[in-house]
Amino acid sequence: MQEPDGQAAPSVDVIDAPQGGVSGESRRSVIVRLGVPGESGLFDAADLPIRRAMRVVIETDRGAEMGEVLRIFERRADERTPTHRVVRIATEGDVRAAAHNRVRELEAFQFCNERLRALKLPMKLVGAEIAHAGTRAVFYFESDDRVDFRALVKDLAQRFHTRIEMRQIGVRDAARHTGGFGLCGRELCCATWIPAFKPISIRMAKDQNLALNNQKLSGLCGRLRCCLEYEQELYHEQRRTLPKVGKRIITPSGEGRVKDVNVLTRRVRVQLNDGVYAEFAADEVTRPVDVAAPAPVQAAPSPGVVDAEGPQKKRRRRGRRRRRPGAPADEGGGSAPSGGNEGT
């Protein structure tokens, strides 16, 4: 899945459990959210007694990671098994290791910022992540241009004695890592539960009759807020049964033109033919029936008048066929029959 900023979101679709039981032996699978906000994956839970919101240790392509269980569902035995599995339920040792890594992440973040200022690199550090086993450190940064950070990676490797990865992310991913509170007063959706970003357009704000105010429509990332997409499908379905703005309709008070439509209350504001504005329920108005205009009647020509440009018979010109020398001609002047000449 591709995000609008061009960053790949390693997430999976949520699959509902089969209704009415399953045929054959079933196995449990879980969706686990990893340390990076919004990054989730599908894993084989086998026979482990896993519950929702439980912390587990999983295997990934990057090694062992610890995450939180978001959802549990059953899958049929004939369905494809997830590539990776849940290794174990997090123990007290795993929890202590995760807490220690959080302290190291803060230290790594501060040290990296110091080296950025010293090297004068045009990049903004967003976050740092230490792998659960401590074998890898990932640094997330923003930059408008390509950056040569080889000297920075060398300094970080000498300080932390582990593998260093630098990942460039967009403004939406940066807000997801940083976190914060939106205009609604709640934590950012992208930092709490949204698995992947979806395209957001200004058309959604217009369909929902929102004021086109950039400050109210933009989130902390400076892009259009993700919540504009939540109710877009509802507005799209409801507008199909409502008259469009600018169309003429028939109301209990007479005919008029639609000036405004409230999708949620299903109320229509109409300007009547006498200039008066009135509001009606969508069920009280109807569309006028289009009556086909009669075809224009052509006047009959006056008697005795002949159209000078009337149709004239075209003469059919038949091209003459050139007769070969020595070939006899029939009475009609045509060529000899294909059967050959008569004997003399």
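It should be noted that the structure appears before, not after, this text.
### With respect to the packing of aromatic side chains
Using the criterion set out here, one finds two aromatic pairs in the structure. For the ring pair F111 and F160, a centre distance of 6.0 Å and an interplane angle of 85° mean the geometry is edge-to-face. One end of the pair, F111, is in helix α1 (residues 92–119); the other, F160, is in helix α2 (residues 150–160), and 49 residues separate them in sequence. Both residues of the pair, F111 and F160, count as buried. Between F141 and F149, the aromatic rings sit 5.8 Å apart at their centres with planes inclined by 70°, giving edge-to-face as the arrangement. F149 gets classed as partly exposed once you look at its relative accessible area, which sits at 23%. Over the ring of F111 we find R159; its NZ or CZ atom is 4.6 Å from the centre of that ring. A cation sits over an aromatic face here: R159 above F160, 5.7 Å from the ring centre.

### Quick notes on unusual backbone geometry
Phi at A53 takes a positive value of approximately 70°, unusual for a residue other than glycine. Among the secondary structure elements, A53 is positioned in the loop between β2 (40–46) and β3 (55–60). One non-glycine residue, N209, adopts positive backbone phi at about 55°. Tracing the chain through its elements places N209 in the loop between α4 (202–207) and α5 (214–217). On the basis of relative accessible area, N209 is assigned to the partly exposed category, the value being 42%.

### Some remarks on the pairing of strand β7 (residues 136–142)
Among the seven residues that make up β7, seven are buried, leaving the element largely enclosed by the rest of the structure. Side chains R136, V138, Y140 and E142 project from β7 onto one buried face, and the interleaved A137, F139 and F141 project onto a second face that is buried too. Bridge count between strand β6 (residues 124–130) and β7: six bridges; the pairing is antiparallel. For L125, the partnering residue across the bridge sits in β7 and is F141. The loop that links β6 with its antiparallel partner β7 comprises five residues; one of these, G134, has a positive phi angle of about 75°. Looking at chain direction, β7 and strand β8 (residues 163–168) are connected through six bridges and run parallel. Pairing of R136 across the sheet is with R163, part of β8.

Rules of the game
- Every chain's residues receive numbers from 1 upward, in the order its sequence appears when written.
- Local features in this predicted model are restricted to residues whose pLDDT is 70 or higher, and side-chain atom pairs enter the listing and the counts only when it is 80 or higher, whereas totals over whole chains, interfaces and linings include all residues.
- Hydrogen atoms and water are omitted, and side-chain values are computed over all heavy atoms in the structure.
- When two rings of Phe, Tyr or Trp (its six-membered ring) have centres within 6.5 Å they constitute a pair, described as stacked for plane angles under 30 degrees, edge-to-face for angles over 60, and tilted for the intermediate range.
- Helix and strand assignments come from DSSP, with helices taken as H or I runs of at least 4 residues and strands as E runs of at least 2, each series counted from the N terminus.
- For the exposure calls, accessible area comes from a 1.4 Å probe over protein chains only, and a residue counts as buried if that area is under 20% of its type's maximum, exposed if over 50%, partly exposed in between.
- A ring is considered to have a charge above it if a Lys NZ or an Arg CZ atom is located within 6 Å of its centre and within 35 degrees of its normal.
- Two strands are counted as paired when DSSP detects at least two bridges linking them.

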